[in-house]
Amino acid sequence: MLTIFNSLSRKLEPFKPQNPPAVTMYTCGPTVYNFVHIGNLRAYVFYDTLKRLLRSHEYAIKHVMNITDVDDKIIRGSAAEIPNCGLRPAPSERKNQDPNERIKSFSKKYEEAYFEDLKKLNIISADVNPKATEYIPQMVTLIQTLLHKGVAYKSEDGSIYFSIKKFPQYGRLSRLDKKSLRPTERMIKDEYTKDSIQDFALWKAAKEGEPSWETPFGKGRPGWHIECSAMANDLLGETIDIHSGGVDLIFPHHENEIAQSEAATGKPFARYWIHNEHLLVDNQKMSKSLHNFYTLREIEEKGIDPLALRYLFLTVHYRDKLNFTWESLEAARQALTRLRDLVATWDEPAIGCAGYEADFLAAIADDLGTPRGLALLWDLVHDREYPTSARHASILKMDKVLGLRLDSRDEITLSSEEKKLLDDRQQARRVGDFEVSDEIRATLENKGLVIEDTANNGFRLKRKRTER
Ligand code: AMP
Ligand code: ZN
């Protein structure tokens, strides 16, 4: 039995998908106008852990995670930069560039970096990563339906707005105070706060120098919110099981997604809304606009394994705020290294410890209780009642949910001295100096590091079994 907190009911609910074992899941992805920061990555690790939990319950998940590759920020960013060179082009040069092509080449490098970050954090790829610019026809169809139903209207400048007074349920997810509604006013910006509860843009009329597409209702580009409704409907159906994102997306983004989708289909858009809390820095939300963010690159530059960040995220419940400090990341790094080094000394996995495995799964199934899950994992690590082979087997099962790559022998953390000795040994092997290579092997073995040579000058490493 799996329970999860649903932001729609504000309650813990038993998880019951529409058509088990199938589960449809939509998660809001990045806007590729910059490198994603580790706050974004907290959201992505949360999505991934949720997905791994569902997998451990034998659900077959279809996961869609979008990429926003056209919006206000991308347009501003691309106009300020010559693609791949970071300089502001001369006005004449900018005029000559096709704006649709310009945003494409501008966002490409950030998109590639985003996928690299996901890989480094051992995040399982989504089944589909649709891009907004590739879903214009689906967005156009949806907007036409909304116009046809009279819940959307065209303004004087040719932009199309959603009329929130035509959708009485507006504000249900974010518990809006309806008294502050100002439905006579309009909001063209994609991002705004609850002080601006107004009709929002579905389609923005074309402007000189901005990317645009021809449609039956005029030339222009999509507002931000419409892409998620169109993609979810097209790829997952009218009602999806799970919709996730960070808490900052509840208003206006998710509220607007619900309005667009439900006004068009007359059906509930998502059954479980699951939101992660923020990663903070100095107790403020980490965000690009506050310039208080770190990227995974900065973490790697300090020689820290990206999975130490994953470990840190797992130590705090996804619905609690987490204040990032380098000290806490260092503590997570040390814990992960110790865990890996211990596991590497254990006997080959066999059988397992059923009691611990059941307790672990129950802890995680209780609203994704990763802190409790990690505590149980450490209890098992230290429980000498069980042979290391059994502990090893259970830890690897737990890792299927945690995603810390505890099962890879390549993940042994080497000291700089060990690294140097290994390099020297490889060099000796390459030149056929087996005396030196054997000597180094013996030195390393005395230090507890066992080398097994494999074909083509390859090798495998193992820590000697010292802990039982
Ligand atoms: P964005 O690119 O800003 O649309 O954000 C992509 C995802 O990251 C969304 O699910 C956001 O809610 C989430 N996110 C942004 N900032 C943070 C943060 N500081 N902590 C946790 N999640 C965040
Ligand atoms: Zn979205």
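Quick caveat: nothing in here was measured; it's all calculated off a predicted structure.

Draft legend 1. Seen up close, the overall build of the chain. Each helix and strand counted, the chain has 15 helices and 16 strands in total. For the chain, contacts bridging at least 24 residues in sequence account for 73% of all contacts bridging at least 6. Accessible surface for the chain amounts to roughly 21000 Å². Of this, 50% is attributable to carbon and sulfur atoms. Mean positive and mean negative side-chain charge positions of the chain (68 and 70 charges, respectively) differ by 3 Å.

Draft legend 2. Region of interest: the coordination of the zinc ion (ligand 2). Here the zinc ion (ligand 2) is held by the protein donor atoms C28 (SG), C228 (SG), H253 (NE2) and E257 (OE), which lie 2.1 to 2.3 Å from it. Viewed at the metal, the four donor atoms of the zinc ion (ligand 2) are separated by angles of 74 to 134°, and the geometry they form is irregular. Mapped onto the sequence, the residues coordinating the zinc ion (ligand 2) show the spacing C-x199-C-x24-H-x3-E. In this pair, C228 sits in helix α6 (residues 226-236) while H253 sits in helix α7 (residues 250-265), placing the two residues 25 residues apart along the sequence. When sorted by exposure, C228 lands in the same class as H253, which is buried.

Draft legend 3. Main features of the pattern of salt bridges. Enumeration according to the criterion identifies 24 salt bridges in this entry. Among the ionic pairs, E238 bridges to K267, the shortest N-O distance being 2.5 Å. Linking E238 in the loop between α6 and β10 (240-246) with K267 in the loop between α7 and β11 (270-276), this pair joins segments that are 29 residues apart in sequence. Using a relative accessible area of 34% as the deciding quantity, one classes E238 as partly exposed. Taking the relative accessible area as the measure of exposure, K267 reaches 39% and is therefore partly exposed. Close ionic contact of D424 with K420 constitutes a salt bridge, the shortest N to O distance being 2.9 Å. A residue pair is termed a helical-turn pair when its members lie 3 or 4 positions apart in one helix, as D424 and K420 do in helix α14 (residues 416-430) at four residues. The class for D424 is partly exposed, based on a relative accessible area of 32%. According to the relative accessible area criterion, K420 is partly exposed, its value standing at 48%.

Draft legend 4. Representation of the environment of L377 within the structure. When you line up the elements, L377 lands in helix α12 (residues 370-381). Considered as a pair, L377 and R221 are 156 residues apart in the sequence and their alpha carbons are 50 Å apart. Sequence-distant contacts of L377, that is, excluding residues within four places in its chain, are made with L339, I395, M398, L402 and L406.

Draft legend 5. Summary view of empty space enclosed by the protein. Scanning all chains against the criterion turns up four cavities of 30 Å³ or more. As a volume, the largest cavity reaches approximately 100 Å³. Considering the residues around the largest cavity, the lining is formed by R42, V45, F46, T49, F313, L314, V316, H317, Y318, L368 and T370. Mapped by element, the contributors of at least two residues to the lining of the largest cavity are α1 (38-56) and α9 (306-314). At four residues, α1 tops the list of elements feeding residues into the lining of the largest cavity. Across the lining of the largest cavity, the residue classes break down as seven nonpolar, three polar and one charged. Shared between two domains, the lining of the largest cavity takes at least three residues from each, and those domains are domain 1 (3-276) and domain 2 (283-408).

Draft legend 6. Spotlight on the pairing of strand β15 (residues 449-454). With six bridges connecting them, β15 and strand β16 (residues 458-463) associate as antiparallel partners. What sits directly across from L449, in β16, is R463. Hairpin remark: β15 followed by β16, antiparallel, with three residues in the connecting loop; positive phi at N456, about 55°.

Draft legend 7. Local environment of a positive patch on the surface. A surface patch of positive charge is lined by R10, K11, R172 and R175. Position of R10 relative to the elements: it lies in the loop between β1 (3-6) and β2 (11-14).

Draft legend 8. Main features of the packing of α6 against α7. Running from N to C, α6 and α7 point in directions that differ by 55°, and their axes come no closer than 8 Å. Taken together, the axis directions place α6 and α7 in an arrangement best described as oblique. Crossing angle aside, the handedness with which α6 passes α7 is right-handed. Residues I226, C228 and S229 of α6 touch α7, and the partners they reach there are H253, E257, Q260 and S261. For the contact of α6 with α7, the residue count by class is two nonpolar, four polar and one charged.

Draft legend 9. Broad picture of the layout of surface pockets. The space that makes up the largest pocket amounts to roughly 890 Å³. Lining the largest pocket are 38 residues, and of these N40, K73, E191, D248 and K285 sit closest to its centre. By residue number, the principal contributor to the lining of the largest pocket is α1, which donates five residues. Of the residues that constitute the lining of the largest pocket, the class distribution is 15 nonpolar, 15 polar and eight charged. Counting contributing residues per domain, the lining of the largest pocket is built from domain 1 (3-276) and domain 2 (283-408), each supplying no fewer than three.

Draft legend 10. Broad picture of the side chain of K204. Relative to the elements of secondary structure, K204 occurs in strand β8 (residues 199-205). At 3.0 Å, the side chain of K204 forms a polar contact with the side chain of D72. At 2.9 Å, the side chain of K204 and the backbone oxygen of I188 are in polar contact. In contact with K204, not counting residues within four places along its chain, are D72, S159, I188, K189, D190, K219, G220, R221 and G223.

Draft legend 11. Region of interest: the domain arrangement of the chain. Domain parsing of the chain yields domain 1 (3-276), domain 2 (283-408) and domain 3 (412-467). Taken over C-alpha atoms, the centre of domain 1 sits 31 Å from the centre of domain 2. Residue-level contacts link 36 residues of domain 1 with 38 residues of domain 2. Between domain 1 and domain 2, roughly 3000 Å² of surface is buried when both sides are summed, and carbon and sulfur atoms account for 60% of that area. Area buried by domain 1 at its contact with domain 2 is led by H37, I38 and R42, which between them contribute 24% of it. Here domain 1 is connected to domain 2 by five salt bridges.

Rules and cut-offs
Residues numbered from 1 in each chain as written. Chains lettered and ligands numbered in written order. Predicted model: local features only at pLDDT ≥ 70, side-chain atom pairs only at ≥ 80, totals over all residues. Heavy atoms only, no water. Helix = DSSP H or I, 4+ residues; strand = E, 2+ residues; numbered from the N terminus. Contact = heavy atoms within 4.5 Å. Areas by Shrake-Rupley, 256 points an atom, 1.4 Å probe, with all protein chains shown as cover. Lys, Arg positive; Asp, Glu negative; His and termini not counted. Charge placed at Lys NZ, Arg CZ, Asp CG, Glu CD. Donors = N, O, S within 2.8 Å, 3.2 Å for Na, K, Ca; no water. Tetrahedral: all angles 85-135°; square planar, octahedral: opposite > 155°, others 65-115°. Buried < 20%, exposed > 50% of the residue type's maximum accessible area, 1.4 Å probe, protein only. Salt bridge = Lys/Arg side-chain N within 4 Å of Asp/Glu carboxyl O. 1 Å grid on protein atoms, 1.4 Å probe; cavity = no way out; pocket = protein on both sides within 12 Å on 5 of 7 lines; lining within 4 Å. Points joined across faces, edges and corners; volume = space filled by probe spheres on them. Nonpolar A, V, L, I, M, F, W, Y, C, P; charged D, E, K, R; others polar. Domains from an automatic or database assignment. Pairing = 2+ DSSP bridges. Patch = residues over 30% accessible without salt bridge, like charges linked within 9 Å, V, L, I, M, F, W, Y side chains within 5 Å. Axes fitted to C-alpha atoms, helices over the stretch in contact; angles between N-to-C directions. Parallel < 35°, antiparallel > 145°, perpendicular 65-115°, else oblique. Left-handed = near helix turned anticlockwise from the far one by under 90°. Polar contact = N/O pair within 3.5 Å; in protein donor to acceptor, adjacent residues only side chain to side chain. Buried area = accessible area lost by both parts, 1.4 Å probe.

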